[in-house]
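A structural walkthrough
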Amino acid sequence: METGTEGETSRPEWVGLPAGLLALRRLLLWGWTGLLGLGTAVVLGLAAGPAWAAAGALWLAVGAWGGVLLGRNWRSWRYAERADDLLISRGVLWRTQTVVPYGRMQLVEVTSGPLERRFGLASVQLHTAAAATDAKIPGLAPAEAERLRDRLTELGEARSAGL
């Protein structure tokens, strides 16, 4: 995907994250809010009476609203490979766009925790010389994460050869 940055007139080709990441995050959110709701209902029901047990439903509302917010956040994540750098964009209210030049990358690693592996996901972490510019792309398919790691490593080595 050699689109180039010098004299480029077209926009980069953005790639979004797979839906598995959204499913994982919603499962975690609803699992925790369900446990907190049940715990709140039991504790308040025993301590203050059955009428107070209904306060546990507040956690269900938090889980429902959180599910909507997670969907908006998931849709905001995207990345684009260009000839000289990698663009990562994220954020709903505060949009953040990170530009990582291939020649500045020192390490590209692929990580996958137990839940990520269960959902068939992996994350790509980019490390640069400046700690503030480290970037991460979460929730990729493992094959895409490995392809991206190999491509970024190859381009990073080619771009930093002159340093």
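Note that this is a predicted model, so its numbers are computed, not measured. (Residues numbered from 1 in each chain as written. Predicted model: local features only at pLDDT ≥ 70, side-chain atom pairs only at ≥ 80, totals over all residues. Heavy atoms only, no water.)

Turning our eyes to something else, we now look at the packing of helix 1 (residues 19-48) against helix 2 (residues 57-76). Put simply, helix 1 and helix 2 touch, their axes get as near as 9 Å, and they point 165° apart. Judged on the interaxial angle alone, helix 2 and helix 1 are roughly antiparallel. Two packed elements cross with a definite hand, and for helix 1 against helix 2 that hand is right-handed. Here A19, L21, L22, R25, R26, L29, W30, T33, L36, G37 and T40 of helix 1 come into contact with helix 2, specifically with W59, V62, G63, A64, G66, G67, L70, G71, N73 and W74. Taken together, the residues that form the contact of helix 1 with helix 2 break down as 11 nonpolar, eight polar and two charged. (Axes fitted to C-alpha atoms, helices over the stretch in contact; angles between N-to-C directions. Helix = DSSP H or I, 4+ residues; strand = E, 2+ residues; numbered from the N terminus. Parallel < 35°, antiparallel > 145°, perpendicular 65-115°, else oblique. Left-handed = near helix turned anticlockwise from the far one by under 90°. Contact = heavy atoms within 4.5 Å. Nonpolar A, V, L, I, M, F, W, Y, C, P; charged D, E, K, R; others polar.)

Let us now look at the sheet that holds strand 3 (residues 85-90). An order of 1-2-3-4 is seen for the four strands of this open sheet, with the pairing classed as antiparallel. Of all strands in the sheet, those bounded by a partner on one side alone are strand 1 (15-16) and strand 4 (96-101). In the sheet, strand 1 pairs with strand 2 (residues 78-81) via two bridges, with the strands oriented antiparallel. Bridge pairing in strand 2 places V15 opposite Y79. (Pairing = 2+ DSSP bridges.)

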